[in-house]
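If you want the building blocks of each chain, they are given just below.
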Amino acid sequence: MDWDRDRAVERTAQLLAHEDVALFEARSDEDQLVGVASVYVDIISVRFGRRASIEDLAVHPEWRSRGVGSNLLAAARAWAHEQGADYVFLESGLARTEAHRFYRREGATHAAAAFRWSSER
């Protein structure tokens, strides 16, 4: 799905209306938005316990390798654990090999393959 600013603004407002969701942002000294991360406490798995999902972890390309992603990821994980999550899940596209290296450096394990079905529109 392509980026749509209006849809993103609408969905962000919906996200902020829920208590089981947090949105973190990173800003430059000039107050420019340089990164975001959202995290959702979403399901209780019989096998693994309460899950939190990190979504929308994004850092502006010019701000990568400066600790922005690490700080956002740490904040999202800490919030999830404060909410009682037993584990944190993050799904990433197959082609995002640089992101995968980052997640592994941050202590993640490659635990599963993800499959999805989208609604027909």
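Throughout what follows, the structure given in this document is the object of discussion. Values in this document were obtained by computation on a predicted structure and should not be read as measured data.

Points about the overall build of the protein
So, step 1. Counting its regular elements, the protein contains three helices and four strands.
So, step 2. Listing the helices and strands of the protein from first to last along the sequence gives α-β-β-β-α-β-α.
So, step 3. Expressed along its principal axes, the backbone C-alpha trace of the protein runs to roughly 45 × 35 × 30 Å.
So, step 4. Classification of the 121 residues of the protein by burial places 27% in the buried group.

Considering a negative patch on the surface
So, step 1. Taken together, the side chains of Asp-2, Asp-4, Asp-6 and Glu-10 present a region of like negative charge at the surface.
So, step 2. Inspection of the secondary structure assignment puts Asp-2 in the segment before helix 1 (5–16).
So, step 3. Under the relative-accessibility criterion, Asp-2 is labelled exposed at 69%.

Some remarks on the sheet that holds strand 2 (residues 33–45)
So, step 1. Judged by pairing direction, the sheet is mixed, and its four strands sit side by side in the order 1-2-3-4 without closing on themselves. Edge strands, defined here as strands with exactly one partner in the open sheet, are strand 1 (21–27) and strand 4 (87–90). Averaged over all pairs of adjacent strands, the angle between their axes in this sheet comes to 25 degrees, without regard to strand direction.
So, step 2. Two elements, strand 3 (residues 49–59) and strand 4, share four bridges in a ladder whose sense is parallel. Bridge pairing in strand 4 places Ala-52 opposite Val-88.
So, step 3. Here helix 1 sits on the sheet in contact with strand 1 and strand 2, set at roughly 125 degrees to strand 1.
So, step 4. Across the sheet, helix 2 (residues 68–82) lies against strand 1, strand 2, strand 3 and strand 4, angled at about 155 degrees from strand 3, the strand it touches most.

Topic: the packing of aromatic side chains
So, step 1. This structure, assessed with the given rule, holds two aromatic pairs.
So, step 2. The cationic tip of Arg-51 hangs over the ring face of Phe-89; the distance from NZ or CZ to the ring centre is 5.0 Å.
So, step 3. The lysine or arginine in question, Arg-66, covers the ring of Trp-63, its NZ or CZ lying 4.2 Å from the ring centre.

Notes on the pattern of salt bridges
So, step 1. Scanning the model with the defined rule gives four salt bridges in all.
So, step 2. Of the charged contacts, one joins Glu-25 and Arg-27 as a salt bridge, the two residues approaching to 3.0 Å between their closest N and O atoms.
So, step 3. A salt bridge links Asp-31 to Arg-27; the shortest N-O distance between them is 3.7 Å.
So, step 4. Linked by salt bridges that have partners in common, Glu-25, Arg-27 and Asp-31 make up one network.

Quick look at helix 1
So, step 1. Its twelve residues give helix 1 an end-to-end C-alpha distance of 17 Å, which sits within 8% of 16 Å, the value for a rise of 1.5 Å per residue.
So, step 2. Where helix 1 begins, the capping side chain belongs to Asp-4, and its oxygen is found 3.1 Å from the backbone nitrogen of Asp-6.

So, unusual backbone geometry
So, step 1. Positioned with a positive phi, Asp-31 is a non-glycine residue whose angle comes to about 70 degrees.
So, step 2. Checked against the element boundaries, Asp-31 lands in the loop between strand 1 and strand 2.
So, step 3. At Ser-65, a residue that is not glycine, the phi angle is positive and equals roughly 65 degrees.
So, step 4. By secondary structure assignment, the location of Ser-65 is in the loop between strand 3 and helix 2.

What counts and how
Residues numbered from 1 in each chain as written. Predicted model: local features only at pLDDT ≥ 70, side-chain atom pairs only at ≥ 80, totals over all residues. Heavy atoms only, no water. Helix = DSSP H or I, 4+ residues; strand = E, 2+ residues; numbered from the N terminus. Buried < 20%, exposed > 50% of the residue type's maximum accessible area, 1.4 Å probe, protein only. Patch = residues over 30% accessible without salt bridge, like charges linked within 9 Å, V, L, I, M, F, W, Y side chains within 5 Å. Areas by Shrake-Rupley, 256 points an atom, 1.4 Å probe, with all protein chains shown as cover. Salt bridge = Lys/Arg side-chain N within 4 Å of Asp/Glu carboxyl O. Lys, Arg positive; Asp, Glu negative; His and termini not counted. Charge placed at Lys NZ, Arg CZ, Asp CG, Glu CD. Pairing = 2+ DSSP bridges. Axes fitted to C-alpha atoms, helices over the stretch in contact; angles between N-to-C directions. Contact = heavy atoms within 4.5 Å. Phe/Tyr/Trp six-rings, centres within 6.5 Å; stacked < 30°, edge-to-face > 60°. Lys NZ or Arg CZ within 6 Å of the ring centre and 35° of its normal. Expected span 1.5 Å × (residues − 1). Polar contact = N/O pair within 3.5 Å; in protein donor to acceptor, adjacent residues only side chain to side chain.

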